[in-house]
Amino acid sequence: LWDKKNIKDFSVWEGVILGIISDQEYHWNFKHLSTLSSINWCESILQSRKSEWDWVYLSEHSKYFSFNLKRPGEIVKRIRKFGQYIDFASLSKRFDVKLTAERLSELMDYSWDWNAISSNKSYELSAELVQNNNTLSWDWYAISSRKDCIFSTDFICENSHYQWNWECLSKRKDIQLTADMILSL
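Everything in this summary refers to the structure shown in the same document. Note that residues are indexed from 1 along each chain, following the sequence as it is written. For this predicted model, a pLDDT threshold of at least 70 governs which residues receive local features, and a threshold of 80 or more governs which side-chain atom pairs are given and counted, while totals over whole chains, interfaces and linings are taken from all residues. Only hydrogens and water are removed before side-chain values are computed, so all heavy atoms of the structure are retained for them.

1. Describing the overall build of the protein
Put simply, the test is: Segments assigned H or I by DSSP are reported as helices when at least four residues long, segments assigned E as strands when at least two residues long, and all are numbered from the N terminus. Between buried and exposed lies partly exposed: a residue is buried under 20% and exposed over 50% of the maximum accessible area for its type, with that area taken using a 1.4 Å probe on protein chains only. Contacts were defined at the residue level, with two residues in contact if any of their heavy atoms lie within 4.5 Å. Here the Shrake-Rupley method, with its probe set to 1.4 Å, supplies the accessible areas, and only the displayed protein chains count as covering residues. Only four residue types enter the charge count, namely Lys and Arg as positive and Asp and Glu as negative; His and the chain termini do not. In this description, the location of a charge corresponds to atom NZ of lysine, CZ of arginine, CG of aspartate or CD of glutamate.
Regarding its fold elements, the protein presents 13 helices and zero strands. Each helix (α) and strand (β) of the protein, taken in turn from the N terminus, gives the series α-α-α-α-α-α-α-α-α-α-α-α-α. Overall size of the protein, expressed as C-alpha extent along the three principal axes, is 75 × 30 × 25 Å. Residue burial in the protein is summarised as follows: out of 185 residues, 40% are buried. The contacts of the protein with a sequence gap of at least 6 include a subset with a gap of at least 24, amounting to 49%. Summed over its atoms, the accessible surface of the protein is roughly 10,700 Å², and 51% of this surface lies on carbon and sulfur atoms. Charge centroids of the protein, computed over 23 positive and 25 negative side chains, lie 7 Å from each other.

This is the structure:
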């Protein structure tokens, strides 16, 4: 862990860690190194011997993939930088990632767990995003209760075959289902 009391300059600490990890003479157990929160958040360290890290663990736990309020766009860059290594099923379940619908739409090419994202409120969704990608494995029951997805009654009726939570939809004040529409289903 970088400790300002022992090593004042971050770049010195980073250089020491990179020198140790990069040395091929050491037979590091990267599965174990991946669990060390003292180093698994640092981009340059993750770049070193990146194919050897335990990306399932990092995708699930590393603070590197946590949302940073001071730099909200950084998460997209980080996902793109390590996209070929990330376990998107694990990342989809995290509550500290926080992606807006706009940012998520920029990352649609990755293997997200759309079923998990459907009920994960840290991923902002929109009716437009879901409708434009309605062939993905959404959990329609969970999406029915999301306040960030206000579907038109036409879309709901045209897709009545989805596994909607009809009780939840009928209670929502932002979606107007008439008696005639419900009877037509």
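Right, picking up where we left off after that structure.
2. Focus on a nonpolar patch on the surface
Applied cut-off: Without a salt bridge and with relative accessible area above 30%, a residue can belong to a patch; like charges are then joined within 9 Å and nonpolar side chains (Val, Leu, Ile, Met, Phe, Trp, Tyr) within 5 Å. By definition, a salt bridge exists where a carboxyl oxygen of Asp or Glu is found within 4 Å of a side-chain nitrogen of Lys or Arg.
A cluster of nonpolar side chains, contributed by Val 12, Val 16, Ile 20, Tyr 26 and Trp 28, occupies part of the molecular surface with about 430 Å² of accessible area. The class for Tyr 26 is partly exposed, based on a relative accessible area of 45%.

3. What about the environment of Asp 96?
Stated formally: Here a polar contact means two N or O atoms within 3.5 Å. Within protein one must be a hydrogen donor candidate and the other an acceptor candidate, and residues neighboring in sequence count only if both atoms are side-chain atoms.
Relative to the helices and strands, Asp 96 resides in the loop between helix 6 (88–91) and helix 7 (101–106). By relative accessible area, which is 24% here, Asp 96 ends up partly exposed. Along the chain, Asp 96 and Ser 66 lie 30 residues apart, while their C-alpha atoms are 5.2 Å from each other. Discounting residues that sit within four places of it in the chain, Asp 96 has contacts with Lys 63, Phe 65, Ser 66 and Phe 67. Reaching out from Asp 96, the side chain makes a polar contact with the side chain of Ser 66 at a distance of 2.6 Å. Of the polar contacts made by the side chain of Asp 96, one reaches the side chain of Arg 94; its length is 2.8 Å.

4. Brief notes about the environment of Ser 62
Along the chain, Ser 62 turns up in the loop between helix 4 (55–61) and helix 5 (74–81). A sequence separation of 20 residues divides Ser 62 from Cys 42, and the C-alpha atoms of the two residues are 9.4 Å apart. Residue contacts for Ser 62: discarding those within four places in its chain leaves Asn 40, Trp 41, Tyr 57 and Arg 94. At 3.1 Å, the side chain of Ser 62 and the backbone nitrogen of Tyr 64 are in polar contact.

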